[in-house]
Protein chains: 2
Amino acid sequence: MNYENYGQMLKAMADPNRLKIIDLLSCGSLCACDILDHFDFTQPTLSHHMKVLQAAGIISARKEGKWQHYTLRPEFIDLFKRDTDTLLNASEHCVCDDGPLQENDSRKGVLTNEKD
Amino acid sequence: MNYENYGQMLKAMADPNRLKIIDLLSCGSLCACDILDHFDFTQPTLSHHMKVLQAAGIISARKEGKWQHYTLRPEFIDLFKRDTDTLLNASEHCVCDDGPLQENDSRKGVLTNEKD
DNA sequence: GTTAAATATAGATCATCATCTATATGTTGT
DNA sequence: ACAACATATAGATGATGATCTATATTTAAC
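Named according to an unreviewed UniProt entry, chain A is HTH arsR-type domain-containing protein originating from Secundilactobacillus malefermentans.

Given below as structure tokens:
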């Protein structure tokens, strides 16, 4: 489990407007102007949100004429569901199984418990 | 689907350190000092993170002597999985099925398409 | 080629956040 | 009571983020 990568996806999703965009795209691809119709904010703001979602690997963009078509990436859907399950279900080997640190523990100060 | 509430959970999770805390708690309850052993940051910073997780309904706290025991809330696990499925799977009725807004559309300017 | 439409970029602003140090509060054992 | 430990609170700081206005770029249509 890579906390950094999963965290990036979560951060990109952690905005009500972007959640709604993802929800819209879960039904199929849409172009920017169609998405914009569902919101109150300005076009540059939408452009910003779509960039954030792309940078997180959540959506892909395909230009067709003057339209940008956005699609929810299946790889994201798979990875996100997988990471969520890994996080919320107790895994076979838990970080906490390593026990607390002792005074002369070699792990002290170093994050060797990382599951990344 | 309540984007605001789901967004709050996501925002609270959208930090690598808090993700690791959740991962630790997925194996069972832990007290603050045991959690702190797995990190490099200071005790007040942990205190802050635990508050954020509590405020989002992700964990619960139970004081026992001088120890605070933290537990991953089963209700959170259920709700989060449910919301995630709702978001990523095309629902029967999609916002986009309503079609684009027309000039005299009564929906114009009002977010009546909300699925909340 | 000029106009209109769709989208992107630049730069600014205000809010939120992760972290720190310093200190306070509460609890247990002597 | 006092010392030691576990945790919380206050306040500051530097970074990041959501949004805006203004403007640029790209593309289709006439």
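Having seen it, we continue.
J.: Which parts of the structure should I look at to understand the overall build of chain A?
T.: The helix and strand inventory of chain A stands at 5 helices and 3 strands. Each helix (α) and strand (β) of chain A, taken in turn from the N terminus, gives the series α-α-β-α-α-β-β-α. Here chain A, with 116 residues, has 43% of them falling under the buried criterion. Counting only contacts in chain A whose residues sit at least 6 apart along the sequence, the fraction spanning at least 24 positions is 53%. Put simply, chain A shows about 6,100 Å² of open surface, and 48% of that area lies on carbon and sulfur atoms.

J.: What is the right way to look at the environment of Ile21(A) in this model?
T.: Residues and elements named next belong to chain A. Mapped onto the elements, Ile21 comes out in helix H2 (residues 16-25). Sequence separation between Ile21 and Met50 is 29 residues, and the spatial gap between their C-alpha atoms is 8.7 Å. Excluding its chain neighbours within four sequence positions, the residues that come into contact with Ile21 are Ile35, Phe39, Leu46, His49, Met50 and Leu53.

J.: Before we go on, may I ask you to explain the protein's contact with DNA strand D in this structure?
T.: Contacts to DNA strand D come from 24 residues, most closely from Arg18(A), Thr45(A), His49(A), Cys33(B) and Lys51(B). Within 4 Å of the protein, the contacting atoms of DNA strand D are 68% sugar and phosphate, with bases supplying the remainder. Cys33(B) places a polar main-chain atom, nitrogen or oxygen, 2.7 Å from a phosphate oxygen of DNA strand D. Listed by contribution, the elements that provide at least two residues to the surface near DNA strand D are H2 and helix H4 (43-55) of chain A together with helix H3 (32-36), helix H4 (43-55) and strand S3 (67-72) of chain B. For the surface near DNA strand D, a count of residues per class yields 8 nonpolar, 9 polar and 7 charged.

J.: Any chance you could explain helix H2 (residues 16-25) of chain B here in plain terms?
T.: One turn of the α-helix equals 3.6 residues, which is why residues spaced by three or four share an orientation. Where burial is concerned, most of H2(B) is hidden: 8 out of the 10 residues are buried. Measuring from the side-chain oxygen of the N-cap residue of H2(B) to the backbone nitrogen of Asn17(B) gives 2.9 Å; that N-cap residue is Asp15(B).

J.: Any chance you could explain the sheet that holds strand S2 (residues 59-64) of chain B here in plain terms?
T.: Sheets are built from strands paired through backbone hydrogen bonds, the pairs being either parallel or antiparallel. Residues and elements named next belong to chain B. The 3 strands lie next to each other as S1-S3-S2, forming an open sheet whose pairing is antiparallel. On the outer flanks of this sheet lie strand S1 (30-31) and S2, each paired with one strand and no other. Sheet strands touched by H2: S1, S2 and S3. Its angle to S3, the strand with the most contacts, is close to 85°.

J.: Teacher, can you tell me more about the protein's contact with DNA strand C here?
T.: Residues in contact with DNA strand C amount to 24 residues; listed here are only the nearest, Gln43(A), Lys51(A), Arg18(B), Thr45(B) and His49(B). In this structure, Thr45(B) approaches DNA strand C through a side-chain N or O atom, which is 2.7 Å from a phosphate oxygen. For the surface near DNA strand C, the secondary-structure elements that each account for two or more residues are helix H3 (32-36), H4 and strand S3 (67-72) of chain A together with H2 and H4 of chain B. Among the residues forming the surface near DNA strand C, the class breakdown is 8 nonpolar, 9 polar and 7 charged.

Cut-offs and rules
- Residues numbered from 1 in each chain as written.
- Chains lettered and ligands numbered in written order.
- Predicted model: local features only at pLDDT ≥ 70, side-chain atom pairs only at ≥ 80, totals over all residues.
- Heavy atoms only, no water.
- Helix = DSSP H or I, 4+ residues; strand = E, 2+ residues; numbered from the N terminus.
- Buried < 20%, exposed > 50% of the residue type's maximum accessible area, 1.4 Å probe, protein only.
- Contact = heavy atoms within 4.5 Å.
- Areas by Shrake-Rupley, 256 points an atom, 1.4 Å probe, with all protein chains shown as cover.
- Near = heavy atom within 4 Å.
- Polar contact = N/O pair within 3.5 Å; in protein donor to acceptor, adjacent residues only side chain to side chain.
- Nonpolar A, V, L, I, M, F, W, Y, C, P; charged D, E, K, R; others polar.
- Pairing = 2+ DSSP bridges.
- Axes fitted to C-alpha atoms, helices over the stretch in contact; angles between N-to-C directions.

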